[in-house]
Amino acid sequence: MKLRFKIFIFTIFVLLLSINVIVSAITVDEIMDKMEEKAPDFTTQKTISEMILIDQKGKEEVREMIMFSRKGEDEKTSTLMRFLSPKSVKGVTLLNIDDGEKIYLYMPAYDKPRRIAGSSKQEEFMGTGLSYEDMSMDYKDKDYEKKLLEETDSEYIVKIMPSGEDVSYKKIILHIDKEKFYAKKVEFYNTNENLTKTLEINKIRIDENGKITPLEIEFTDIEKNKKTKIVIKEIEYNIELSSGFFSIRTLKKPTL
Amino acid sequence: MKKNIFLVIFIILLFSASANAGDFSGSLTYSGQYSLSEQKLSNTLNLDLNYIHSFTDEVFAEGDLVLKYSDRSFMPFTIIPKEIYLGAYDLIPQVDIRAGKLIVNWGSADILSPLDNFNPLPPRMSFTTIPQKNGVLASDITYYFNDITYLQAIVLPSFVPSYMPEKYEEQMYLSMFTPQFQAQGIEISSINITHNTPENPVWGIKLGRSFTSFDAAISYYNGYYLNAYPESIQVVPEPSGMSLDLGLGYPKKDVLGLEFQGDFPGIEGATLRGDLAYIIPQTWQVQGEDMLKDSYLKAVIGADYTTSFDLYLNIGFIWGFAFEEGDQCSPYISLNARKDFEDSKFTPNYLGIISLQDRSMINSIGASYDFTDNFSITLSYVSVSGDQTSKLGQLRSAEGLYLMGEWSF
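Residues numbered from 1 in each chain as written. Chains lettered and ligands numbered in written order. Predicted model: local features only at pLDDT ≥ 70, side-chain atom pairs only at ≥ 80, totals over all residues. Heavy atoms only, no water.

**Some points on the overall build of chain B**
Convention followed: Think of it this way: any DSSP run of H or I at least four residues long counts as a helix, any run of E at least two long counts as a strand, and we number them from the N terminus. Partly exposed residues are those whose accessible area sits between 20% and 50% of the maximum for their type, while under 20% is buried and over 50% is exposed, using a 1.4 Å probe and protein chains only. The contact definition used throughout considers only heavy atoms, calling two residues in contact when any of these lie within 4.5 Å.
Helix and strand counts for chain B come out as 2 helices and 23 strands. For chain B, the spread of C-alpha atoms along the principal axes amounts to about 65 × 50 × 40 Å. Buried positions account for 46% of the 409 residues belonging to chain B. Intrachain contacts of chain B at a sequence separation of at least 6 include 54% that bridge at least 24 residues.

**Considerations on helix α2 (residues 28-38) of chain A**
The test is simple: The arc in question is the one spanned by the directions pointing from the helix axis to the C-beta atoms.
All of the buried residues along α2(A) are Val28(A), Asp29(A), Ile31(A), Met32(A) and Met35(A). The buried residues of α2(A) all sit within an arc of 160 degrees when viewed along its axis, so they share a single face.

**Brief notes about the interface of chain B and chain A**
Counted only if it meets this: Any Lys or Arg side-chain nitrogen located within 4 Å of an Asp or Glu carboxyl oxygen qualifies as a salt bridge. Pairing of N or O atoms within 3.5 Å defines a polar contact, subject to two protein rules: one partner must be a possible hydrogen donor and the other a possible acceptor, and residues neighboring in sequence count only if both atoms are side-chain atoms. In this count, Pro and Cys sit with the nonpolar residues alongside Ala, Val, Leu, Ile, Met, Phe, Trp and Tyr, while Asp, Glu, Lys and Arg are called charged and the others, Gly among them, polar.
Each partner contributes to the interface: chain B provides 52 residues, whereas chain A provides 37 residues. Between the two partners, chain B and chain A, sit 7 salt bridges. One salt bridge connects Arg114(A) with Asp110(B), and the closest N-O pair in it is separated by 2.4 Å. Linking chain B to chain A there are 23 residue pairs in polar contact (both at pLDDT 80 or more). Grouping the amino acids of the side of chain B that touches chain A by side-chain chemistry returns 19 nonpolar, 16 polar and 17 charged.

**Remarks on the pattern of salt bridges**
The tally for this structure, following the rule as stated, stands at 28 salt bridges over all chains. Arg63(A) is the partner of Glu61(A) in a salt bridge, and the nearest nitrogen-oxygen pair spans 3.6 Å. Overall, Arg63(A) belongs to the buried group, its relative accessible area being 10%. Residue Asp140(B) pairs with Arg98(B) through a salt bridge whose shortest N-O separation is 3.3 Å. Of the two residues, Asp140(B) sits in strand β6 (residues 136-144) while Arg98(B) sits in strand β5 (residues 95-102), which places them 42 residues apart along the sequence. Residues Asp140(B) and Arg98(B) agree in their burial class; the two are buried. Salt bridges here are not isolated pairs; linked through shared partners, they connect Arg114(A), Asp110(B), Arg273(B) and Asp304(B).

**Focus on the side chain of Lys339(B)**
Residues and elements named next belong to chain B. For clarity, the threshold we go by: Counting rule for charge: Lys and Arg are taken as positive, Asp and Glu as negative, and neither His nor the chain ends is counted.
The topology assignment puts Lys 339 in strand β19 (residues 331-339). Despite its burial, Lys 339 pairs with no opposite charge, the nearest such side chain being Asp 310 at 5.5 Å. Among the polar contacts made by the side chain of Lys 339, one reaches the main-chain carbonyl oxygen of Phe 309 at a distance of 2.3 Å. Dropping the residues within four chain positions of it, Lys 339 is found in contact with Phe 309, Asp 310, Leu 311, Phe 346, Thr 347 and Pro 348.

**Concerning the nonpolar core**
Quick note on the threshold: Only buried residues count toward a nonpolar core. Its members are Ala, Val, Leu, Ile, Met, Phe, Trp, Tyr and Cys residues joined through side-chain atoms within 4.5 Å.
Membership of the largest hydrophobic core comes to 40 residues, with the highest contact counts inside it found for Phe118(B), Tyr173(B) and Leu246(B). Apart from the residues lying within four places of it in its own chain, the contact partners of Tyr173(B) are Ile191(B), Ile193(B), Ala228(B), Pro230(B), Leu246(B) and Leu248(B).

**Details of the confidence of the model for chain A**
All names here are of chain A. Stated formally: pLDDT measures the predictor's confidence residue by residue and takes values from 0 up to 100.
Averaged over every residue, the pLDDT of chain A is 81; the share at 70 or more is 79%. Looking over chain A, one finds the lowest element-wise mean pLDDT in helix α1 (residues 2-15), namely 41, and the highest in strand β1 (residues 44-54), namely 93. The model gives residues 1-23 a pLDDT under 50, and that stretch makes 77 contacts with residues more than four places away or in other chains. Ignoring residues within four places in sequence, the model shows residues 136-142, a span with pLDDT below 50, making 25 contacts including any to other chains.

**Structural notes on the environment of Gly58(A)**
Topologically, Gly58(A) is positioned in the loop between β1 and β2 (60-71). In sequence terms Gly58(A) and Val158(A) are 100 residues apart; their C-alpha atoms lie 31 Å from each other.

**Remarks on a negative patch on the surface**
Test applied: A patch is a set of surface residues, each over 30% in relative accessible area and not in a salt bridge, joined within 9 Å for like charges and within 5 Å for the nonpolar side chains Val, Leu, Ile, Met, Phe, Trp and Tyr. Only the protein chains shown count as cover for residues, and all accessible areas are computed by the Shrake-Rupley method using a 1.4 Å probe. Working definition for charges: the position is that of NZ of Lys, CZ of Arg, CG of Asp or CD of Glu.
Side chains of Glu30(A), Asp33(A), Glu36(A), Glu37(A), Asp41(A), Glu73(A), Asp74(A) and Glu75(A) sit close together on the surface and give a patch of like negative charge. Structurally, Glu30(A) is set in helix α2.

**A few points about the environment of Ser242(A)**
Of note, Ser242(A) is situated in the loop between β13 (226-237) and α4 (248-251). Residue Ser242(A) is classed as partly exposed on the basis of its relative accessible area, which comes to 41%.

**Some thoughts on unusual backbone geometry**
For the peptide bond that leads from Ser85(A) to Pro86(A), omega is 0 degrees, which places it in the cis range. In this structure, Gln39(B) is a non-glycine residue whose phi angle is positive, near 50 degrees. Positionally, Gln39(B) belongs in the loop between β1 (23-35) and β2 (40-54). Judged by relative accessible area, which is 62%, Gln39(B) ranks as exposed.

**Observations regarding the confidence of the model for chain B**
Residue and element names in this part refer to chain B. For chain B, the average pLDDT comes to 90, and 94% of its residues sit at 70 or higher. Across chain B, the secondary-structure element scoring lowest on mean pLDDT is helix α1 (residues 2-17), at 52, and the one scoring highest is strand β7 (residues 149-156), at 98. Across the whole predicted complex the pTM is 0.84, and at the interface the ipTM reaches 0.86.

**Description of the sheet that holds strand β12 (residues 241-249) of chain B**
Residues and elements named next belong to chain B. To be explicit about the condition: For two strands to count as paired, DSSP must find a minimum of two bridges between them. Fitting a line to C-alpha atoms yields each axis, with helices limited to the stretch in contact; the angle taken between N-to-C directions then spans 0 to 180 degrees.
A sheet is described by the order of its strands in space; here 3 strands give the open sequence β8-β12-β11, paired in mixed fashion. Strands at the two margins of the open sheet, each flanked by one partner only, are β8 (188-196) and β11 (229-238). Mean inter-strand twist for the sheet, computed between neighbouring axes without regard to direction, equals 20 degrees. Inspection of the sheet shows β8 paired to β12 by 8 bridges, in the parallel sense. Following the sheet pairing, Ile 191 is matched in β12 by Leu 244. Here helix α2 (residues 166-182) sits on the sheet and contacts β8, β11 and β12; the angle it forms with β8, its principal contact strand, is near 120 degrees.

**Details of a nonpolar patch on the surface**
All names here are of chain B. Together, Leu 28, Leu 45, Tyr 69, Phe 77, Ile 79, Phe 341, Phe 346, Tyr 369, Phe 371, Phe 375 and Trp 407 line one region of the surface with nonpolar side chains, adding up to about 1,000 Å² of accessible area. Of all the secondary structure elements, the ones that give two or more residues to the nonpolar patch are β4 (77-92) and β21 (361-372). Along the chain, Phe 371 turns up in strand β21.

**Quick notes on the pairing of strand β17 (residues 296-306) of chain B**
Residues and elements named next belong to chain B. Sheet topology note: the strand β14 (residues 270-281)/β17 ladder contains 10 bridges and is antiparallel. Counterpart to Leu 272 in the pairing with β17 is Ala 303. Alignment of β17 against strand β18 (residues 311-319), held across 8 bridges, turns out to be antiparallel. When the bridges of β18 are listed, Ala 303 appears paired with Ile 315.

**Quick look at the pairing of strand β9 (residues 202-210) of chain B**
Across a regular strand the side chains alternate sides, sitting on one face of the sheet and then on the other. Residue and element names in this part refer to chain B. Only one face of β9 is covered, namely the one carrying Val 202, Gly 204, Lys 206, Gly 208 and Ser 210; the face carrying Trp 203, Ile 205, Leu 207 and Arg 209 has none of its residues buried. Bridge analysis of β7 against β9 gives 8 bridges, and the strand direction is antiparallel. What sits directly across from Leu 151, in β9, is Leu 207. With 8 bridges joining them, β9 and strand β10 (residues 214-224) adopt antiparallel strand pairing. The residue bridging Gly 208 from the neighbouring strand is Ala 217, located in β10. Hairpin remark: β9 followed by β10, antiparallel, with 3 residues in the connecting loop.

Rendered as structure tokens:
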């Protein structure tokens, strides 16, 4: 989920045609291009992962989940995520279609899809510390401005300024590994410019083509002092999914 | 009866033969109610076993068996095959099929949807848990025109009414008719009830579509009322006294439905859900008096909203409660609230329903505590206000303290 979130953000930045501020031998667009090159090239993906919720006292809750995603021809991403454990949430499924244009929640106890209003996307999803918006990667890619703030020995620091009516963040800061070209850390600043959330990639896998897959992602909600860690256990790219997979039809299917 | 035995055996075989090959889960639930009106404690233990077996990517079977013990029921131990069916997804292109003993959920509302007419409900209404419907033999066929438009057809080979324990039913109708005959100087000492259950098929179709900011579906149901209506009443002299021969029937009904869910216009962060039913009943007379005659509306419209401090609110308007039909339908307002605390396993909740007609009211206040991911306990207190003849006051037997412990495995 976080993997897709990261890739999505990085991908949309590459597509931006906004201001390029050159403060270094490399431009911010070139950094984004290189990151895009390092990102796995796929249209569909399946992951099985553990979501570890860590509260203020450090107590952990582990939830296992399976997630499918597909990038459409219009570059919009659809995802379907289902909890596999613990038993109390088993079968709870979240479907988001086209970057969160439509979001559905399926709870086995009710046995019917519940549509989540677009304006509810910032609510927390199932106590995960992540909002429906975070889960859906609903960050519009129009008119985002980016700027290379700083270059250190080990990283590039890039500022992104989302714009539009429905943005949750005033700015997003990326800390990009200079050698491997992946974002080691992402900082999210709310509309009051306070740092509210961070995302860190703690572990990656580099394949024979130099493509980078994050294997351990840590999401910190600074306001609530909670952490959500996602550990990827299995990942497959370019799997075959039927054309109607990302629809309410799949939500009710007991086996995926 | 033979059919039920067959289903139970089939489910047991399914569970036992493939316990390692499929997806098995279950829950053990204890429910205790201390009735304030009867000053009596009743206990129920439910073991719910669910098994899903995939034969191929497209074909699977699901069985859901409930073993129930209750010390308040006239049948203390029951085995209920809630669901047992074969399902096929896309085996025929763009068609999903389920056939067997099914639970069908129509309507967008979480509870009291007037569009949800296929499955019988338990005799007692619960204000502390999600209603547990019973499965019926049925076929569910859905054709997907594309990702956003579908046509669903449900067919039951024969109608299945809601079940009411015999003794409970006798007591209910005795208390209903005894005063009427007493007024005529006739003392009723016993009651003999016969059910005239239609054996005709029941069916429904639904056309649904997902729009940009909301989903909507129109539906048509062709079936019967799930609860019985008096059809014939006759007083018969018997050696022990006067006996009431009561024939119960199930009026036919057609339901035209509209359901929707999506953005609440003008209220940021709220989701609107609604079910509207236009019901055309079979004319039904008892002792020359019309019980059902004209078409009428039932509706449940509500909005979900979660505040910035994690307080979940669901506010609803109900026209026609579960037990109201025809010109008895009246307006209610409901409020459901639940508060999630940061780093706490403690979740308080509240459900209130008020009749706008006579101000009678039901309030349920409670809290659940999650000891672990798989074990939780919920304690609730349900109170009923209004006199015995008021809309909600007649549900006085629901008043009491409820304790529920659930272990999922």
